[in-house]
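Chain and residue survey
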Amino acid sequence: MAAVRGRLSGVGFVLPAVVFLVLVFLVPLVRVLSLSLHPVDGAGNPLPEFSLVQYQRVFSETFFSQALVRSFQTSFLVTALCLALGYPVAYALSRVRTGVLRTLMFVIVLSPLLTSVVVRSYGWVVLLSANGAVNRLLVGTGITDQPLPLLTSYTAVVISVTHVLLPFAIIPLTTALGGIDPHLRRASQSLGAGAVRTFTRVTLPLSLPGVAAACMVVFPLAMGIYITPLLVGGANQPLAGLRVYSQITSVYDYPVAAALSLTLLVLTLVCVAAMGAGFRFWERRHDG
Amino acid sequence: MAETTTAPRVRRRPAVARHAGRIALGVPVTAILLFLAAPLVVLAVSSLNPTASLEFPPQGVSLRWYASVLSSPDWSVSFRLSGLLVLMVVATTTVLGTLAAYGLTRGTFPGRRLVEGVALAPLMVPEIIIALGLLYYFQGLGLLNSVPGLWLAHSLVALPFAVRTIMISAARLDPALERAAATLGAGPVRVFLTVTLPLLRPGILAGAVFAAVTSLGEVAVSVLISGANTTTVPVRVFSAVKFELDPSVAAVSTLLMLASVVVMVVVDRLTRLTEAV
Amino acid sequence: MSEPNSEHIVVASLTTAYGGTRVLDVDRMAIRRGQFLSILGPSGCGKTTLLHALAGFVEPDGGSITIDGHDVTAVPPHHRGLGMVFQNYALFPHMSVADNVAYGLRARRTPRPERERRVAEALDLVGLADYARRRPRQLSGGQQQRVAVARALATRPAVLLLDEPLSNLDAQLRREMRVDLRALQQRLGITMVFVTHDQEEAMSLSDRIVVLNGGRIEQEGSPQEIYSAPVSRFVAEFVGAANVIEGVGTADGVDVDGILVRTGLDEEPTGPVSLALRPERVRVSEGEEPLGADGRGGVHGEVAHRAFLGDGWETRVRVGEALALSARTDTEPPPLGARVTAHWDAASVIALRDAGGA
């Protein structure tokens with residue numbers, strides 16, 4: 001095989017980052033894995049022998065298993081909502097190509113990403129609190145007599161998590177929709193197709209890679225998120241990320257926290273892989 | 001093929017029907033955009049509340065909470081710490097990220113895909129695991145409640161963003177330019193410094209912005225590895241939300257938002273400036 | 001060692017393969033000092049690979065490249081001291097024209113006064129002295145190409161390699177730049193290796209042409225030699241248009257699927273035969289004239305197609321199912337469908353070597 005010279009192998013370039021990642025990312029992950037394989041004594045200290053008891057706990061105790069199931073359900077719900085809300089915005093962005101309106105839309109979509117998740121969550125706390133804007137509106141217009149305890153409800157958690165993750169869905173959707181050749185729309189119209197048909201037969205199928213990308217970004221983030229549910233809904237909710245956090249900070253039981261978090265990770269990766277495979281299968285079927 | 005089969009439709013649809021599409025799109029999109037902006041706007045507005053409550057709309061406008069926060073010793077320490085971390089993190093992630101992105105795009109070593117996966121993996125892994133991992137790991141190394149510990153953690157979280165952004169720039173780089181430089185007698189190092197890096201600048205700056213903004217806002221990992229002496233702004237906000245209920249937290253949140261915007265604008269100006277030269 | 005006309009570059013037994021397919025297989029190619037050599041061939045024939053091997057970007061699997069007697073096969077590109085002009089010019093977008101041209105001099109750490117003098121000289125050479133401060137994106141395609149040439153020449157290389165540098169220009173500009181490029185080369189006495197797929201370009205510019213096909217040299221020679229004495233059907237058809245007559249030789253002419261074509265040669269060839277005729281050597285006369293006159297070949301047929309091309313007429317004479325001949329004439333040919341005689345002088349017949357179905 002002819003070698004192409006003047007082309008570096010590249011190893012030297014990636015080496016610093018690889019060393020960094022091994023030391024700061026992979027090694028801690030491996031240690032979490034090993035941590036999850038130890039039982040604890042009464043005081044919560046890890047014992048030297050190996051066992052799968054922590055994983056048994058994760059699957060048998062409803063406190064944990066229910067949290068995993070709930071996280072799974074919530075993530076699906078949030079992903080679906082992000083797609084439903086994000087697609088129209090991305091579509092609008094792909095149609096408005098220039099001007100103040102486009103800049104304004106971009107600023108509104110991107111500015112949440114610029115702000116810390118704790119700030120965004122706090123914003124919802126303020127919005128949904130007893131004398132926050134929403135309750136003021138409900139009481140003021142007479143829909144309810146008393147302010148509703150919107151915080152600590154599941155709905156509030158879903159809404160706030162959707163809000164936090166929505167920009168992550170909009171960006172790949174916008175990229176995909178923006179990448180569709182604008183002439184295709186005109187071609188479709190010149191062949192007699194109306195707006196709806198053009199959308200369902202041309203735009204939507206071609207935007208599918210963007211939909212896939214959005215799902216594969218939002219879903220893992222939703223599975224692992226804990227700051228927002230904690231601030232908006234309280235620490236006792238049955239969500240996996242939250243349970244891991246409370247096991248670490250209140251119960252100090254690191255091994256079970258490790259087992260739960262690794263189970264969460266594996267579950268997330270399996271789901272993402274399944275999504276990826278599903279989308280590829282769909283694409284291949286339609287490529288004919 | 002003597003006859004044409006489709007005659008043009010001559011009836012002109014009424015104005016409402018013609019604009020129906022735009023209305024059908026515009027109304028929901030506006031609602032969604034309002035939804036996106038609402039919490040941030042509410043926070044910013046609430047921070048101007050003259051009284052120690054978060055009622056909305058506020059009964060007046062006052063900057064007292066900003067004054068109190070900016071003169072508070074606790075908050076000042078946090079501001080300085082967050083600022084220091086931003087500088088440190090941007091430095092490490094841009095250097096590591098630029099080298100890695102270039103190596104991944106141009107390199108021909110086996111296992112490139114694997115390395116790329118590892119570089120982007122922190123994005124896929126739930127933050128709570130990274131937090132637990134670093135907590136346990138730093139415990140043994142004495143890096144808990146330390147600036148170097150936070151620096152490492154923030155760099156880890158920010159690195160995938162930087163790598164991804166710079167890889168986009170690197171992919172657009174025309175290899176013929178580097179070859180041309182070689183034919184003119186420039187060795188590999190000179191080529192990298194005088195041709196490659198300048199042309200990667202837009203991507204590097206964008207990566208720097210992502211890294212800076214990520215570090216400024218990082219809380220999920222920091223919460224578990226910081227301590228009394230190393231409380232960054234987001235971490236302090238996190239504790240404050242649970243315990244304090246006056247608008248000073250809203251004021252800090254707004255300041256944090258503004259800081260991110262300033263970083264973005266400054267870097268954007270720099271990019272335009274350097275492109276015009 | 002450096003006398004004019006000595007062998008400057010020698011490529012010997014050069015082979016490269018990509019993923020199992022052979023891309024280059026050059027037995028020997030020698031370029032003389034001060035010569036303008038074109039490497040001509042269709043896309044995918046390996047000409048760019050050959051040029052990149054000369055430059056040092058491709059490490060061959062076997063063989064050697066010698067420049068001025070030194071084996072440079074293992075020498076990296078930035079040490080070979082060659083100049084190169086790329087197809088899309090590859091001007092550094094983040095530098096001004098002057099900085100682009102100065103790049104090679106900076107790499108050699110040429111002191112500033114000398115460097116500035118050489119930059120001005122190079123820009124003068126291509127007529128762009130006033131454009132020193134501009135950016136590449138502010139220049140037209142032709143101007144960018146000239147800057148690319150100036151940049152490569154600023155370091156005064158002994159050899160200039162050019163990878164289809166005129167392909168991205170429109171036809172008119174291409175013709176102008178051809179003249180300028182040749183004039184520049186002769187003025188500087190520099191050895192130029194020029195890669196192109198355009199045979200007209202190769203013929204008008206070169207001292208010598210190497211025709212490449214499938215990685216192998218099909219023929220090498222001066223433009224006249226290549227045109228008037230192509231050795232194979234490929235060369236005959238690639239360089240200029242050609243009528244190719246393939247069949248079996250008999251006493252009365254060449255039998256092409258039942259049709260007898262008199263070649264006009266003193267002795268009709270025997271056995272399998274492959275001949276070429278340039279269209280401009282074929283004349284078309286109305287009616288079926290008697291064939292067999294000395295020194296003239298011919299065949300009867302029917303006008304199947306005629307077109308006025310501005311500088312002449314193109315006629316296609318259908319002789320039979322297996323054969324049609326193209327003719328280029330000044331005068332208007334007979335109308336469509338007319339029975340005609342296509343005829344030529346014996347001297348116009350070119351014998352190709354791949355008789356026998358090659």
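Predicted model only: the values in this text are computed from it and were never measured.

Turning to the overall build of chain C, a few remarks are in order. Within chain C one finds 8 helices and 21 strands. Considered along the principal axes of its C-alpha atoms, chain C spans approximately 80 × 45 × 40 Å. Relative to its 358 residues, chain C shows a buried fraction of 55%. Put simply, of all contacts in chain C between residues at least 6 apart along the chain, 67% involve residues at least 24 apart.

All right, on to the overall build of chain B then. A tally of helices and strands in chain B yields 11 helices and 0 strands. N-terminal to C-terminal, the α/β element order of chain B is α-α-α-α-α-α-α-α-α-α-α. Burial analysis of chain B (277 residues in total) assigns 51% to the buried set. Residue pairs at least 24 apart in sequence account for 71% of intrachain contacts in chain B once pairs closer than 6 positions are excluded. Surface accessibility of chain B: about 12900 Å² in total, with carbon and sulfur atoms responsible for 67%.

Moving on: the sheet that holds strand E7 (residues 83–85) of chain C. All names here are of chain C. Spatially, the 6 strands line up as an open sheet ordered E7-E8-E9-E3-E10-E11, and their pairing is mixed. For this open sheet the edge positions go to E7 and strand E11 (216–221), each flanked by a neighbour on one side alone. Here the strands of the sheet are splayed against their neighbours by 20 degrees on average, with no regard to which way each runs. Where strand E3 (residues 36–40) and strand E9 (residues 191–196) come together, 5 bridges link them in parallel fashion. Paired with Ile39 across the two strands is Val195, which belongs to E9.

In this section: the nonpolar core. Within the largest apolar cluster, 193 residues are counted, with the highest numbers of intra-cluster contacts made by Tyr122(A), Leu134(B), Phe238(B), Met29(C), Tyr103(C), Leu161(C) and Val193(C). Tallying contributions element by element places helix H13 (residues 254–287) of chain A first for this core, with 12 residues. Residue assignment places this core across two domains, with domain 1 (13–64) and domain 2 (73–276) of chain B each supplying three or more. Here Val193(C) is in contact with Ile9(C), Ile31(C), Leu37(C), Ile39(C), Leu51(C), Leu54(C), Val159(C), Leu160(C), Leu161(C) and Leu162(C), once residues within four sequence places are set aside.

This part covers a positive patch on the surface. Side chains of Arg95(A), Arg185(A), Arg186(A) and Arg22(B) sit close together on the surface and give a patch of like positive charge. Within the fold, Arg95(A) resides in helix H3 (residues 62–95). Accessibility expressed as a relative area gives 42% for Arg95(A), which makes it partly exposed.

In this assembly, 70 residues from chain B lie in contact with 73 residues from chain A. Approximately 6600 Å² of surface area, both sides summed, lies buried where chain B meets chain A, with 83% of it carried by carbon and sulfur atoms. Here chain B and chain A share 0 salt bridges between them. Taken together, the links from chain B to chain A amount to 7 residue pairs in polar contact (both at pLDDT 80 or more). Sorting elements by how many residues they give to the side of chain B that touches chain A places helix H1 (residues 15–46) of chain B first, with 13 residues. For the side of chain B that touches chain A, a count of residues per class yields 56 nonpolar, 10 polar and 4 charged.

Here we come to the side chain of Arg278(C). Residue and element names in this part refer to chain C. Tracing the backbone through its elements, the reader meets Arg278 in the loop between strand E15 (271–277) and strand E16 (283–286). An unpaired buried charge is present at Arg278: no salt bridge exists, and Glu280, the closest side chain of opposite charge, is 5.3 Å distant. From its side chain, Arg278 meets the backbone oxygen of Ala236 in a polar contact 2.9 Å long. Setting aside its immediate chain neighbours within four residues, Arg278 contacts Ile226, Tyr227, Pro230, Ala236, Val239, Gly240, Ala241, Ala242, Asn243 and Ile350.

Moving on, we get to the packing of helix H2 (residues 64–71) of chain B against helix H3 (residues 73–106) of chain B. All names here are of chain B. With their axes 5 Å apart at the nearest point, H2 and H3 run at an angle of 70 degrees to one another. Comparing their axes, H3 and H2 come out roughly perpendicular. Of H3, the residues touching H2 (which contributes Val69, Leu70 and Ser71) are Pro73, Trp75, Ser76 and Phe79. Class assignment of the residues belonging to the contact of H2 with H3 gives a composition of 5 nonpolar, 2 polar and no charged.

Bringing the pattern of salt bridges into the picture now. All names here are of chain C. Counted by the stated rule, this structure contains 26 salt bridges over all chains. Residue Glu121 is joined to Arg156 by a salt bridge in which the shortest nitrogen-to-oxygen separation is 3.0 Å. Of the two residues, Glu121 is situated in helix H3 (residues 112–125) and Arg156 in the loop between helix H4 (141–153) and strand E8 (159–163); the sequence distance between them amounts to 35 residues. For Glu121, a relative accessible area of 36% puts it in the partly exposed group. A salt bridge links Arg208 to Glu220; its shortest N-O distance comes to 3.5 Å. Separated by 12 residues along the polypeptide, Arg208 in strand E10 (residues 208–213) and Glu220 in strand E11 bring together distant segments of the chain. For Arg208, a relative accessible area of 27% puts it in the partly exposed group.

Calculation notes
Residues numbered from 1 in each chain as written. Chains lettered and ligands numbered in written order. Predicted model: local features only at pLDDT ≥ 70, side-chain atom pairs only at ≥ 80, totals over all residues. Heavy atoms only, no water. Helix = DSSP H or I, 4+ residues; strand = E, 2+ residues; numbered from the N terminus. Buried < 20%, exposed > 50% of the residue type's maximum accessible area, 1.4 Å probe, protein only. Contact = heavy atoms within 4.5 Å. Areas by Shrake-Rupley, 256 points an atom, 1.4 Å probe, with all protein chains shown as cover. Pairing = 2+ DSSP bridges. Axes fitted to C-alpha atoms, helices over the stretch in contact; angles between N-to-C directions. Core = buried A, V, L, I, M, F, W, Y, C linked by side-chain atoms within 4.5 Å. Domains from an automatic or database assignment. Patch = residues over 30% accessible without salt bridge, like charges linked within 9 Å, V, L, I, M, F, W, Y side chains within 5 Å. Salt bridge = Lys/Arg side-chain N within 4 Å of Asp/Glu carboxyl O. Lys, Arg positive; Asp, Glu negative; His and termini not counted. Charge placed at Lys NZ, Arg CZ, Asp CG, Glu CD. Buried area = accessible area lost by both parts, 1.4 Å probe. Polar contact = N/O pair within 3.5 Å; in protein donor to acceptor, adjacent residues only side chain to side chain. Nonpolar A, V, L, I, M, F, W, Y, C, P; charged D, E, K, R; others polar. Parallel < 35°, antiparallel > 145°, perpendicular 65-115°, else oblique.

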